[in-house]
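Remarks on the overall topology
Read off the chains here:
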Amino acid sequence: MSPREPRVRRQRGALESLGAVVLGFESVIVFLGGLVVYGLKVLPFGIDPWWGVVGGVVMALAMVVVAGMLNRRGAVWAGWGLQVLLLLGGFLVPALAVVALIFGGMWAYATIKGAALDRQNARRAADPDLSNGE
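My aim in this report is to walk through the structure given alongside it, one point at a time.

Conventions we followed
Residues numbered from 1 in each chain as written. Predicted model: local features only at pLDDT ≥ 70, side-chain atom pairs only at ≥ 80, totals over all residues. Heavy atoms only, no water. Helix = DSSP H or I, 4+ residues; strand = E, 2+ residues; numbered from the N terminus. Buried < 20%, exposed > 50% of the residue type's maximum accessible area, 1.4 Å probe, protein only. Polar contact = N/O pair within 3.5 Å; in protein donor to acceptor, adjacent residues only side chain to side chain. Contact = heavy atoms within 4.5 Å. Expected span 1.5 Å × (residues − 1). Arc of directions from axis to C-beta. Core = buried A, V, L, I, M, F, W, Y, C linked by side-chain atoms within 4.5 Å. Phe/Tyr/Trp six-rings, centres within 6.5 Å; stacked < 30°, edge-to-face > 60°. Lys NZ or Arg CZ within 6 Å of the ring centre and 35° of its normal. 1 Å grid on protein atoms, 1.4 Å probe; cavity = no way out; pocket = protein on both sides within 12 Å on 5 of 7 lines; lining within 4 Å. Points joined across faces, edges and corners; volume = space filled by probe spheres on them. Nonpolar A, V, L, I, M, F, W, Y, C, P; charged D, E, K, R; others polar. Patch = residues over 30% accessible without salt bridge, like charges linked within 9 Å, V, L, I, M, F, W, Y side chains within 5 Å. Areas by Shrake-Rupley, 256 points an atom, 1.4 Å probe, with all protein chains shown as cover. Salt bridge = Lys/Arg side-chain N within 4 Å of Asp/Glu carboxyl O.

Brief notes about the side chain of S27
You can see S27 is positioned in helix α1 (residues 14–40). According to the relative accessible area criterion, S27 is buried, its value standing at 8%. Side-chain polar atoms of S27 contact the backbone oxygen of G24, separated by 2.6 Å. Those residues in contact with S27 that lie beyond four places of it in its chain are A60, M63 and V64.

Some words on helix α2 (residues 50–68)
For α2, with 19 residues, the first-to-last C-alpha span of 28 Å sits near the 27 Å given by 1.5 Å per residue. For α2, the complete set of buried residues consists of G52, G56, M59, A60, M63, V66 and A67. The arc that holds every buried residue of α2, seen down its axis, measures 125°, which confines them to one face. Among the exposed residues of α2, those pointing more than 90 degrees away from its buried face are V58, L61 and G68. Where α2 is buried, its residues touch α1 and α3 (75–88).

Describing the nonpolar core
With 23 residues, the main nonpolar core has L23, M59, M63, L70, L86 and W107 as its most contacted residues. Contributions of two or more residues to this core are made by α1, α2, α3 and α4 (94–126). When neighbours within four sequence positions are excluded, M63 is seen to be in contact with L23, E26, S27, V30 and L82.

Observations regarding the packing of aromatic side chains
Think of a pair of aromatic rings as described by two things: how far the centres are apart, and how the planes are tilted against each other in angle. Applying the stated criterion across every chain, the model contains 1 aromatic pair. Cation over ring: K41 sits above Y38, and NZ or CZ is 5.5 Å from the ring centre.

Concerning the layout of surface pockets
The computed volume of the largest pocket comes to approximately 280 Å³. Surrounding the largest pocket, 16 residues form its lining, G55, G56, M59, G89 and L96 being those nearest its centre. Elements supplying a minimum of two residues to the lining of the largest pocket: α1, α2 and α3. At 5 residues, the largest contribution of residues to the lining of the largest pocket is made by α2. Broken down by class, the residue content of the lining of the largest pocket amounts to 10 nonpolar, 6 polar and no charged.

Structural notes on a nonpolar patch on the surface
Taken together, the side chains of V28, I29, F31, L32, L35, V57 and L61 present a nonpolar region at the surface, about 550 Å² in accessible area. Contributing elements (two or more residues each) for the nonpolar patch: α1 and α2. With 5 residues, the top contributor of residues to the nonpolar patch is α1. By the secondary structure assignment, L61 is in helix α2. With a relative accessible area of 54%, L61 lands in the exposed category.

Printed below as a string of structure tokens:
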């Protein structure tokens, strides 16, 4: 038997790393927000309160899935869609709008600054003789 060689990990960019962190933490908060919707029974008349938990679980799972797919093309837009969907939840519980604004700002920073860092790192890799990153 030959010893197994360690697997070489794929290099992740700043956008992918920062975005995954934001969506990962946000998924926990969104799940807890679903519990709040259930506990406050704020869903419109005729809809059972337990659907709030289901909505929170589905949103949290969607955020985890998108966080894992950030190396794909449309995942950033899917992340923006989840941010908008969470903001719409503010009509049920206004605190969800506050959460959406906070995490939306962090998502904006992760996507904009992460993409800028990735471009800068690609430029440095193409021409390593750049002084001071310029």
